[in-house]
Amino acid sequence: GKYVYHGAVNSPFYTLYLSPFCDRVCERLPVWVHPDFLTLAGAGAVALSHWIVASTGASTVGCLLGLIYLVYPLFDNLDGKQARRLKCGSVAGEFLDHIV
C-alpha cells in the first residue's frame, strides 16, 4: 500500500497560524514542485544564513538572517502538505525531511 505518515501536533502556534497559512500557500504551488525540492530549499535557506554569518558577521545583517531562517519552518511544513496533495509521500521523503 501507500506510505502514510501520522505525526502528533501539540503546538497552538502550528495549529492556529502556521498550518492554515501553509495550506493556502500549498494550494497555489504548481503540481510540478516536488516535496523533496521544498525540503532542500528550506535547508538551502538555513545554509545561506550560516554562510552569511560566516562571511560577514551576524551583527551587520541580523534582520536578514532572521527572515531567511524563518523560511525553513515554512518549507518544512509545505513539503509534507505538497506530498499529501500530490499523493507522493514516501519513506525516502520522510527520511530526507527529518535528516535535513
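Residues numbered from 1 in each chain as written. Predicted model: local features only at pLDDT ≥ 70, side-chain atom pairs only at ≥ 80, totals over all residues. Heavy atoms only, no water.

**Description of the environment of Gly62**
This is how the line gets drawn: By the criteria applied, helices consist of DSSP H or I runs no shorter than four residues and strands consist of E runs no shorter than two, each listed in order from the N terminus. Exposure categories follow from relative accessible area, calculated using a 1.4 Å probe and restricted to protein chains: below 20% of the type maximum is buried, above 50% is exposed, and the middle band is partly exposed.
Note that Gly62 resides in helix H3 (residues 62-86). In this structure Gly62 comes out as partly exposed when scored by relative accessible area, which is 39%.

**So, the packing of aromatic side chains**
Using the following cut-off: Any Phe, Tyr or Trp ring, taking Trp's six-membered ring, that has another such ring centre within 6.5 Å forms a pair; planes under 30 degrees apart are called stacked, those over 60 apart edge-to-face, and the others tilted.
For the structure on display, the rule yields 1 aromatic pair. Seen in terms of ring centroids, Phe13 and Tyr17 are 5.8 Å apart; in terms of plane orientation they differ by 40 degrees. Their pairing is tilted. Of this pair, Phe13 and Tyr17 both sit in helix H1 (residues 12-28), 4 residues apart, roughly one helical turn.

**Looking at the pattern of salt bridges**
Selection rule: Throughout this description, the term salt bridge denotes a Lys or Arg side-chain nitrogen within 4 Å of a carboxyl oxygen of Asp or Glu.
Counted according to the given criterion, the structure contains 1 salt bridge. Among the salt bridges present, the one from Lys81 reaches Asp23, with a minimum N-O distance of 2.8 Å. Of the two residues, Lys81 sits in helix H3 while Asp23 sits in helix H1, which places them 58 residues apart along the sequence. Taking the relative accessible area as the measure of exposure, Lys81 reaches 10% and is therefore buried.

**Examining the side chain of Asn77**
With respect to the secondary-structure elements, Asn77 resides in helix H3. Residue classification places Asn77 among the buried positions, given a relative accessible area of 9%.

**Details of the packing of H1 against H3**
The condition that has to hold: Note on geometry: axes are C-alpha line fits, over the in-contact stretch for helices, and angles between N-to-C directions span 0 to 180 degrees. Angle categories: roughly parallel below 35 degrees, roughly antiparallel above 145, roughly perpendicular from 65 to 115, and oblique for all the rest. A crossing counts as left-handed when the near helix is turned anticlockwise from the far one by less than a right angle, and as right-handed when that turn is clockwise. Residue contacts follow a heavy-atom distance rule, with two residues in contact if any of their heavy atoms lie within 4.5 Å. We call Asp, Glu, Lys and Arg charged. Ala, Val, Leu, Ile, Met, Phe, Trp, Tyr, Cys and Pro are nonpolar, and the rest, Gly among them, are polar.
Contact geometry of H1 with H3 gives a least axis separation of 9 Å together with a crossing angle of 60 degrees. The angle between H1 and H3 places the two elements in the oblique class. Crossing hand, H1 versus H3: right-handed. On H3, the residues that touch Tyr14, Leu18, Ser19, Phe21, Cys22, Asp23, Val25, Cys26 and Glu27 of H1 are Pro73, Leu74, Asn77, Leu78, Lys81, Gln82 and Arg85. Each residue belonging to the contact of H1 with H3 can be placed in one class, and the counts come to 9 nonpolar, 3 polar and 4 charged.

None of this, on its own, says anything about what the molecule does.
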